[in-house]
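One letter stands for each residue in the lines below.
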Amino acid sequence: MSSTASQHVHPSTALATIPPRHYRPELHGLRGLAILGVVLFHLYGNGRVSGGIDVFLAISGFLFTGMLLREAAHTGGKIDLVRYFGRLIRRLLPPALLVIGVTTVAGLIVFPVTRHQQLLTEALASLLYFENLELVNSQLSYEAAGPGSSPFQHFWSLSVQGQFFLIWPIVAIAAVWIGRRTRWSPAMAMLGLTGAVLVTSFLVSLYMGEVHQEAAYLMTRTRLWELAFGGILALLISSANPPRRIRDAAGWTGLFLIVTCGFFLNGAELFPGPWALWPLLGFALILVSADATHRDYERRGTAARFLSTSPMAWIGTLAYGIYLWHWPILIFYLEVRGNEKVSWPGGSFVLVLSLGAAWVTHLVIERPSIRLQIRRQSLIVMTGVLLVFGGSVALTALLSERTPDLPDGYSMAGVDRELFPGAEAILEGEEDPYGGERFFPDPVILEQDEPMYYGWDCRQDSGDDAGTGEVLICEDPNAPAEPTATIMLAGGSHVGQWQHAFALLGEAYGWEIIIADKSGCRIGSIENPDEDKCAEWNLNLPQAVTDREPDLVVTPGTVILSRSPEVVEEGAPDRWEDITDTGADLLLMRGTGRPNEDADECLAEGRDSSECAPDETLIAENNPLDGINLPENTSVVDITSTYICPDLRCDGVIGNLAVYRDGSHLSTYYVETLTPMLEDAMRDSVPELFN
């Protein structure tokens, strides 16, 4: 409906009019250009972001704001939701269902079983348009393509768009409702509501960008302002008609901003904050470049003409399919080839294959479904709902079937120690305790293996988000009423991995076990605590020790990274002295190595267990802690060189037990079998605890 039709009831305004309905071919080409930029940067950008998704979202906001407001204003505040969702289902759902189905089947074939549960979880999330929320909840940040990346990661933006499609009809109806009860026109009311959404979402994006950038990149509430930006342009741009020379300059400037965005900005670290205005401003300038008569599409030398050419229109037509297909094809290519990143020839192969898949999808799925003559839109909606429901049921059933029964409590409870002795095989002097075809637990269970305290919601988050420098304490839920001693495990997850062994000793000797774990943080340097939250955490730790008054603080004394030789962490000796100055004794445990890859996946692939272990050449021949002056009341325990990598030989399976649960940590199963060895070592180091 035109703006004049609504003004029989509502006064006109110079600030906003209901956008007229007309086809803008430059937007079709721009959408193709934006998606092509996304794909090319995924293939060749080395993890950088093009800004194409931001333009893609703004285009959706532009088109749907105008469409929904026209209908709501024409009908007096009503929107035919059946027709609305029917149109969306016809255009968006069939290709998405195809890609989700193919990706799920391919993932179940290509990926090791340890990744199947997450694959199915994300397939379900993508089908129901909340993949962005799943990525946030699973702490899977947006990242460059790699063999461990999710093949559904790209559905995050489609999920944001899908959630917008649910919200925006309500906004349009509310705008007309407000207009009928005030002196505002529907367009002015829509402008006010859209502006409120933009400001609120923009402020949220600023806040989240400071406290949790990885989540901010994916969240709908931080992205809504980009969609609202497009909506505001829809309400205002029809009245903009600058001179031809300005329009021409604006068009090419806008195109330049969009094309160059990824070269100048690292969007994964900056978007959707203020820097997202770079590509969005480009989008606005391109809209301005087409005059009110829309003849700039035909005039040579204009950006509108370029974006309306047949090649750009062709890319625009295939844009949805290209976006859907390119990412899973890329991930499976890397997985099958075993490459960390794609080469230029490999990227070209993926690009051609994606274009071919998109073209076939357009011919076989998209075009027939759009042209299908069905009079009753309710039938389309019902069919779409049934397809989504059926897919959800199937995926949920697969998830239920593949969800393992995890141990409740200690991992080795009820396990036959004769068949699966773990470290006790070394203690008993077995001739060859390494490897073997039979090992425990199954890699699917091993993939979900975590110390018990991980489920207590008491670990401090990793990274430098605001507030993560505070020392949180994990309380022992089974602490004795009158403990004989309190032991604090302090540091990151590499001290937390010993929880089960200390808990078993605690039960035997009446100890209270508490844990202070900032994920990814080691006891060491306190430089620059304002920006480095690990340094701030280290700075705060002595006060936490003073407050809790533990008899013994336990922490790793050395660190062995994946490709770095064993060392004492820089600044750690000073922190050890800070701890002992509180009056607590200190026990330094020699660090444990990190496998070169996820041990659970390595074992699941049936590879030799020696490949699923750390590089033993990185372990120092002599314990680095033996050569330094330690603070008073400090002792050292070395389990690593005797029962984890005895005689500097590391293996992924010892005594028929998986030694490691991932690419960094010991499994809780193996740790529990180390309890007698830890007890003996502690009796020598801190005998007073056993009195």
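Residues numbered from 1 in each chain as written. Predicted model: local features only at pLDDT ≥ 70, side-chain atom pairs only at ≥ 80, totals over all residues. Heavy atoms only, no water.

Observations concerning the overall build of the protein chain
Thinking step 1. Within the protein chain, the secondary structure is distributed over 27 helices and seven strands.
Thinking step 2. With respect to the principal axes defined by its C-alpha atoms, the protein chain has extents near 90 × 50 × 45 Å.
Thinking step 3. Looking at the 691 residues of the protein chain, the share that counts as buried comes to 55%.
Thinking step 4. Of all intrachain contacts in the protein chain linking residues separated by at least 6 positions in sequence, the fraction that spans at least 24 positions is 79%.
Thinking step 5. When the accessible area of the protein chain is evaluated, it comes to approximately 30300 Å², of which 55% is carbon and sulfur surface.
Thinking step 6. For the protein chain, the distance from the average site of its 45 positive side-chain charges to the average site of its 82 negative ones is 26 Å. (Helix = DSSP H or I, 4+ residues; strand = E, 2+ residues; numbered from the N terminus. Buried < 20%, exposed > 50% of the residue type's maximum accessible area, 1.4 Å probe, protein only. Contact = heavy atoms within 4.5 Å. Areas by Shrake-Rupley, 256 points an atom, 1.4 Å probe, with all protein chains shown as cover. Lys, Arg positive; Asp, Glu negative; His and termini not counted. Charge placed at Lys NZ, Arg CZ, Asp CG, Glu CD.)

Regarding the sheet that holds strand E3 (residues 552–556)
Thinking step 1. In spatial order, the strands read E2-E1-E3-E4-E5; together these five strands make up an open sheet with parallel pairing. A strand with exactly one partner marks an edge of an open sheet, and here the two such strands are strand E2 (511–517) and strand E5 (634–637). For this sheet the average axis-to-axis angle between neighbouring strands, irrespective of direction, equals 25°.
Thinking step 2. In terms of strand pairing, strand E1 (residues 485–491) meets E3 through three bridges, oriented parallel. In the sheet register, Met488 faces E3, and the bridge partner there is Val553.
Thinking step 3. Most of the contacts of helix H23 (residues 572–580) go to strand E4 (residues 585–589), to which it runs at about 145°, and overall it touches E3, E4 and E5. (Pairing = 2+ DSSP bridges. Axes fitted to C-alpha atoms, helices over the stretch in contact; angles between N-to-C directions.)

Description of the state of the cysteines
The bond known as a disulfide is covalent and runs between the sulfur atoms of two cysteines.
Thinking step 1. Summed over all chains, the structure comprises four disulfides.
Thinking step 2. Covalently, Cys602 is tied to Cys612 through a disulfide, its sulfur atoms 2.0 Å apart. An S-S torsion of about -75° defines the bridge between Cys602 and Cys612 as left-handed. Highlighted residues: Cys602 in helix H24 (residues 599–604) and Cys612 in the loop between H24 and E5, separated in sequence by ten residues.
Thinking step 3. One disulfide bridge connects Cys645 with Cys650, the sulfur atoms lying 2.0 Å from each other. (Disulfide = S-S within 2.5 Å.)

Observations concerning unusual backbone geometry
Thinking step 1. Cis geometry is adopted by the peptide bond preceding Pro272, which originates at Phe271 and carries an omega value of 5°.
Thinking step 2. Structurally, Pro272 can be placed in the loop between helix H12 (267–270) and helix H13 (277–289).
Thinking step 3. In the segment running from Phe440 into Pro441, the intervening peptide bond is cis, with an omega of -5°.
Thinking step 4. Structurally, Pro441 is set in the loop between helix H18 (424–427) and helix H19 (443–446).
Thinking step 5. Positive phi, close to 55°, is recorded for Asn46, a residue that is not glycine.
Thinking step 6. Looking at where Asn46 falls in the secondary structure, it is placed in the loop between helix H2 (25–44) and helix H3 (52–74).
Thinking step 7. The backbone phi angle of Asn656 is positive, close to 65°, even though this residue is not glycine.
Thinking step 8. Counting through the fold element by element, Asn656 comes out in the loop between strand E6 (653–654) and strand E7 (657–658).

Considering helix H21 (residues 499–509)
Thinking step 1. The complete set of buried residues in H21 reads Gln499, His500, Ala501, Phe502, Ala503, Leu505 and Gly506.
Thinking step 2. Directly after H21, the chain includes Gly510, whose backbone phi takes a positive value near 75°.

As for the packing of aromatic side chains
Thinking step 1. Scanning the model with the defined rule gives 22 aromatic pairs in all.
Thinking step 2. For the ring pair Phe164 and Trp168, a centre distance of 4.9 Å and an interplane angle of 35° mean the geometry is tilted. Pair noted here: Phe164 and Trp168 are both in helix H7 (residues 155–181), with a separation of four residues, about one helical turn. One exposure class covers both Phe164 and Trp168, and it is buried.
Thinking step 3. It is Arg649 that lies over the ring of Tyr434; its NZ or CZ is 3.8 Å from the centre. (Phe/Tyr/Trp six-rings, centres within 6.5 Å; stacked < 30°, edge-to-face > 60°. Lys NZ or Arg CZ within 6 Å of the ring centre and 35° of its normal.)

Quick word on the nonpolar core
Thinking step 1. Among the nonpolar cores identified, the biggest contains 108 residues, and Leu30 and Phe283 are the most heavily contacted of them.
Thinking step 2. Look past the residues within four positions of Leu30 in its chain and what remains in contact with it is Val55, Ile59, Ile258, Phe283, Ile286 and Leu307. (Core = buried A, V, L, I, M, F, W, Y, C linked by side-chain atoms within 4.5 Å.)

What to know about the pairing of E4
Thinking step 1. Across the five residues of E4, four count as buried, placing the element largely inside the fold.
Thinking step 2. Relative to E4, E3 runs parallel, the two being bridged by five bridges. Residue pairing in the sheet places Thr555 in a bridge with Leu588 of E4.
Thinking step 3. Read from E3 through H23 to E4, the crossover connection turns out right-handed. (Right-handed = clockwise from strand over helix to strand, strands pointing away.)

Brief notes about the packing of helix H4 (residues 81–110) against helix H5 (residues 116–127)
Thinking step 1. Two elements in contact, H4 and H5, have axes separated by 10 Å at closest approach and are oriented at 175°. Classified by the interaxial angle, the pair formed by H4 and H5 is roughly antiparallel. Of the residues in H5, those in contact with Leu97, Ile100, Thr103, Thr104, Gly107 and Leu108 of H4 are His116, Leu119, Leu120, Ala123, Ser126 and Leu127.
Thinking step 2. Of the residues contributing to the contact of H4 with H5, the split by class is seven nonpolar, five polar and no charged. (Parallel < 35°, antiparallel > 145°, perpendicular 65-115°, else oblique. Nonpolar A, V, L, I, M, F, W, Y, C, P; charged D, E, K, R; others polar.)

Quick notes on the pattern of salt bridges
Thinking step 1. One pass over the structure, following the stated rule, counts 19 salt bridges.
Thinking step 2. Arg115 is the partner of Glu335 in a salt bridge, and the nearest nitrogen-oxygen pair spans 3.1 Å. On the criterion of sequence distance, the pair formed by Glu335 in helix H15 (residues 310–337) and Arg115 in the loop between H4 and H5 is long-range, its members being 220 residues apart.
Thinking step 3. A network of salt bridges, in which partner residues are shared, links Glu597, Glu605, Arg607 and Glu611. (Salt bridge = Lys/Arg side-chain N within 4 Å of Asp/Glu carboxyl O.)

Remarks on helix H11 (residues 244–264)
Helical geometry note: an α-helix holds 3.6 residues per turn, so side chains three or four residues apart project in the same direction.
Thinking step 1. Taking 1.5 Å per residue as the helical rise, H11 with its 21 residues ought to reach 30 Å, and the 29 Å between its terminal C-alpha atoms agrees with that figure.
Thinking step 2. The largest bend in H11 is about 30°, located at Ile258.
Thinking step 3. Within H11, the full set of buried residues consists of Arg247, Ala250, Gly251, Gly254, Leu255, Leu257, Ile258, Thr260, Cys261 and Gly262.
Thinking step 4. Buried residues along H11 sit against H2, H3, H13 and helix H14 (303–307). (Expected span 1.5 Å × (residues − 1). Bend = angle between axes of the 7 residues up to and from the residue.)

Observations concerning a nonpolar patch on the surface
Thinking step 1. A cluster of nonpolar residues, Trp314, Trp359, Val360, Leu363 and Val364, forms a patch on the protein surface that exposes about 440 Å² of accessible area.
Thinking step 2. In terms of residue count, the dominant contributor to the nonpolar patch is helix H16 (residues 344–371) (four residues).
Thinking step 3. Within the element layout of this structure, Leu363 appears in helix H16. (Patch = residues over 30% accessible without salt bridge, like charges linked within 9 Å, V, L, I, M, F, W, Y side chains within 5 Å.)

Quick word on a negative patch on the surface
Thinking step 1. Taken together, the side chains of Asp416, Glu418, Glu428, Glu430, Glu431 and Asp432 present a region of like negative charge at the surface.
Thinking step 2. Inspection of the secondary structure assignment puts Asp416 in the loop between helix H17 (377–402) and H18.

Details of the confidence of the model for the protein chain
Thinking step 1. With 96% of its residues at a pLDDT of 70 or more, the protein chain has an overall mean of 91.
Thinking step 2. When the criterion is pLDDT under 50, residues 1–14 qualifies, and its contacts beyond four places in sequence or with other chains add up to 19 contacts. (pLDDT = per-residue confidence, 0-100.)

Here we look at the side chain of Ser205
Thinking step 1. Secondary-structure assignment places Ser205 in helix H8 (residues 186–211).
Thinking step 2. Under the relative-accessibility criterion, Ser205 is labelled buried at 3%.
Thinking step 3. When sequence neighbours within four positions are dropped, the list of residues in contact with Ser205 reads Thr222, Trp225, Pro272 and Gly273.

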